[in-house]
Each structure stands twice: as C-alpha cells, then as structure tokens.
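# Results of the structural survey
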Amino acid sequence: MNYGCIGEHLKHSFSKEIHNSLADYKYDICEIAPENLDAFMTERNFSAINVTIPYKQAVIKHLYEIDGSAKEIGAVNTIVNRGGRLYGYNTDFFGMRALILHAGLDISQRKVAILGTGGTSRTASAVAKSLGACKILRVGRTPKDGAITYGELFREHSDTEIIINTTPVGMFPNIFDTPISLDAFPRLFGVIDAVYNPLSTPLVLAARERGIPAEGGLYMLVAQAVRASEIFLDTSYPENTLDSVFKKIKRKKENIVLIGMPSCGKSTVGKIIAERLGREFIDTDALIEERAGCSIPEIFENHGEAHFRGLESEVIRELAPKNGAVIATGGGAILREENTRALRENGKIYFIDRPLELLMPTEDRPLASSREAIERRFAERHGIYKKTADITVPSVKTPTDTANLIIEDFCL
Ligand code: S3P
C-alpha cells in the first residue's frame, strides 16, 4: 500500500473519495484485524497512512517521532514513513476544531460533555480546551481515564450546554441508534456528532428538531483529510479546498427526496433528475408493490390502509442508509414522523408544491381517486408537506421545469 487508511471496520469510509478529490496518489482502504496490526506496523510497507478506530492509540508505540499535539492528545491519525522511520500526527484536532467553527458554535465559557472515551474523545477534549470551554466532561459507559458515567452526567450535569458525540453510536449500519436523549439538558446550546455516515444522525436530527444548532461529522472528516494530505505530500492547499471538497462529497452522498400530493409529479420529476445527474432512481410505491406482490389499490382493498402504511415505513427504513439516490415517496409517506426522520438522515427533502387545481384524480390512487378526495387530502396535508420540506419547489409548468428547479438548488 502506498497511501491509505487503516482501521478495523471501514466499509462505511468516505476517505478514499475524499483523498481522490485532493491529490492523484492511490489511496486504499485497508481493514486490519487487531491481531495483525503489529505486523502491519512493523513491516511499514507504505508511504503514508491515516489511522482510524480502534488503532489511534495502538499505533503510537511503532512511531519514531510524534508531534506535539498528537502526543498531548495521546492519539495519532496520520503517519508518514520517511526512510523507514514513522512520524505521527493528529489532524483530527484540526478537523474537530474546523467542524465546531463550521457549525457556528462559540463554545468559550460553555460546559461541554464529550460522549466516548476513545481517541476522538481525547481530541475533542483538547479542541474544547483550545476554544475556551469552561468545563469539559468526558462521558463513558464505565468511569475510566477520568471519565464520568452517563448516570452521573444525567444526575449532576443537566446544565451541560454543548454535547459532542465521539462514540460510533448511530454510525452505519446502525443508523437509528442514538447515544443519549437530549431531554435532560434544558440549557443545551449546540450538538456536534463526529459520525458522518449517515450525514445527519438521529442525535443531530433530535437537536435540530428542538431548534438547537447541530452538525454531523462530514466536515471534520474532510478537514482532517485535507490536513493529512498536506502532511503526506509536504504541501499546502488553497484555503477554499476544504469547503469545496466538503460540498462535493456532501452532494455526492446526499439523497434527493421528493414529497408532495398524489399526482404532483414526484415519479416523473424524480426520473428526470436521476437521469440528468446519473443517479439511481427509487420509487417507494414501486418497492411496496414489488414486496407485496400486488398493486397498491389491491393492498388497500385486501388489507387496508394501516397495512399499507406498515409496508411503506418498512421500505423507507431500508432506504434510509442509501447515498446519492433520488427517492420519490408516496403522497402519504410524510404522515409518519418515523418516515421523515429516516429519510432526513441522508436526504434533502423537496416538496413539489403543485396547485390544487392542477392535481388530477386517478383511479389507481385509493386516497385520491376523486376531486373531493384530492381536495380533502390537500387540506389535511399541505401544511405537513411545507413543514417537512427543506425546500419547497413550486410546480406550475412541466415536470422538466420542476426538475430543473430542484437540480439548480441541489447543485448550488
Ligand atoms: C398515497 C399516495 C400514493 C400511494 C398510496 C397512498 C397517499 O402515492 O402511496 O396510494 O396517501 O397519498 P402517490 O402520491 O404517488 O399517488
């Protein structure tokens, strides 16, 4: 391996794509089992590597020299091989700091709780200190290494103002898990999650639902990679590199999710967008029919709406981990919050707002088969569509016009 990233489980990693956007070296993702780590490090058959969970501390004993902040933090995520000698750095410090600033959080004089006790937790603690936090708590399942327990956090520190998650809870494939409930912290002021896959974890979404600024870990991932790549090549990139690579990777990973009334054009518009952007197109209603082995009117007729809604939620839950797709939902998908939350983890939600008079009843739509039914659905749901959407797109002309508006916004 020339350049790359080592860790135990790396299927979720975006690092290859990020480094490919930065430089033209070959960057490989290399999963290493714990029992093989020492042999890999002794062989040192690489030019430069990144190191991730759970080896950021374990690699230290193999290093010839370790830079100041990495030493202080006690975790290394970047190693350069110079003539057989290994030099260690911590670019996560730069990454975490950049993420907090990108989120617009001023944490000086704030009380910060850092969830987790691994290498990233130590990094977050050093960053919080450097940004002037007045109290920094590290929280673990067991009270080791100066950390407090979750029980203590709840009992004694309900005045916590900033939460930084450095545990892997919520990370792909377990994207519906959350490390902590936010209810116990009435003075919460900001949430940072180092997890970047999904783009917005349930923790981040829970904070935003409460009006609390929150940011997932993608910006940190890109920032640490930019800094690591500079160290690899002993170079420096232009200042806007971080923001432009972040934007590019986020856009590539984010799903375009279409919501709106029956017959507003979600499937037609979705297909046009997918075609134009070279993306996979997924129609939740088509998946439901495939799974049920019959048409939607038949599902409604034979099993009722509740059964249909169950299938719809099941399908949406399975689609939530997807990246880079265009997903057209059924008109009622937004009626259940669990569906919206699942779609939001990796998706930007667009409401195709077609005026009532342009919506046409059709026989194959059990809940929108007459003018009267459409009007009722419109009255019940228009507010929900608006509230759920990240962006509302007016749809008064052709599907291509609507698709263009969405593409324009998404690719901005
Ligand atoms: C429904 C809309 C339909 C389909 C099902 C239920 C609804 O999708 O999911 O008939 O509740 O509005 P379209 O919006 O594509 O018609």
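Notes on the structure follow. (Residues numbered from 1 in each chain as written. Predicted model: local features only at pLDDT ≥ 70, side-chain atom pairs only at ≥ 80, totals over all residues. Heavy atoms only, no water.)

Time to look at the packing of helix H1 (residues 15-22) against helix H9 (residues 241-253). Between H1 and H9, the least distance of the axes is 10 Å, while the angle of their chain directions is 135°. Relative to H9, H1 is oriented oblique. Here H1 and H9 pass one another in a crossing that is right-handed. Together, Glu17, Ile18, Ser21 and Leu22 of H1 and Thr241, Val245, Lys248, Ile249, Lys252 and Lys253 of H9 make up the contact between the two elements. Within the contact of H1 with H9, the residues separate by chemical class into 4 nonpolar, 2 polar and 4 charged. (Axes fitted to C-alpha atoms, helices over the stretch in contact; angles between N-to-C directions. Helix = DSSP H or I, 4+ residues; strand = E, 2+ residues; numbered from the N terminus. Parallel < 35°, antiparallel > 145°, perpendicular 65-115°, else oblique. Left-handed = near helix turned anticlockwise from the far one by under 90°. Contact = heavy atoms within 4.5 Å. Nonpolar A, V, L, I, M, F, W, Y, C, P; charged D, E, K, R; others polar.)

Here we have 5 strands laid out as an open sheet, ordered E14-E15-E13-E16-E17, and parallel in their pairing. Bordering the open sheet on either side are strand E14 (280-283) and strand E17 (391-394), each of which pairs with just one other strand. Looking at each pair of strands side by side, their axes are set apart by 25° on average, direction ignored. Inspection of the sheet shows strand E13 (residues 255-259) paired to strand E16 (residues 347-353) by 5 bridges, in the parallel sense. Bridge pairing links Asn255 to Gly347 in E16. Strands E13, E16 and E17 of the sheet are contacted by helix H16 (residues 399-410), whose axis makes an angle of about 150° with E16. (Pairing = 2+ DSSP bridges.)

All right, on to the packing of aromatic side chains then. Here the structure, examined in full by the defined rule, presents 11 aromatic pairs. Measuring from centroid to centroid gives 5.0 Å for Tyr219 and Phe246, while their planes differ by 75°, and the two rings are edge-to-face. Of this pair, Tyr219 sits in helix H8 (residues 218-233) while Phe246 sits in helix H9, and the two are 27 residues apart along the sequence. Among the residues examined, Tyr219 registers a relative accessible area of 7% and is labelled buried. Through a chain of ring-to-ring contacts, three or more aromatic side chains come together here, namely Tyr3, Tyr25, Tyr27 and Phe232. When the ring centre of Tyr87 is taken as origin, the NZ or CZ atom of Arg82, which lies over that ring, is 4.8 Å away. Lying across the ring of Phe14, Lys253 places its NZ or CZ 4.3 Å from the centre. (Phe/Tyr/Trp six-rings, centres within 6.5 Å; stacked < 30°, edge-to-face > 60°. Buried < 20%, exposed > 50% of the residue type's maximum accessible area, 1.4 Å probe, protein only. Lys NZ or Arg CZ within 6 Å of the ring centre and 35° of its normal.)

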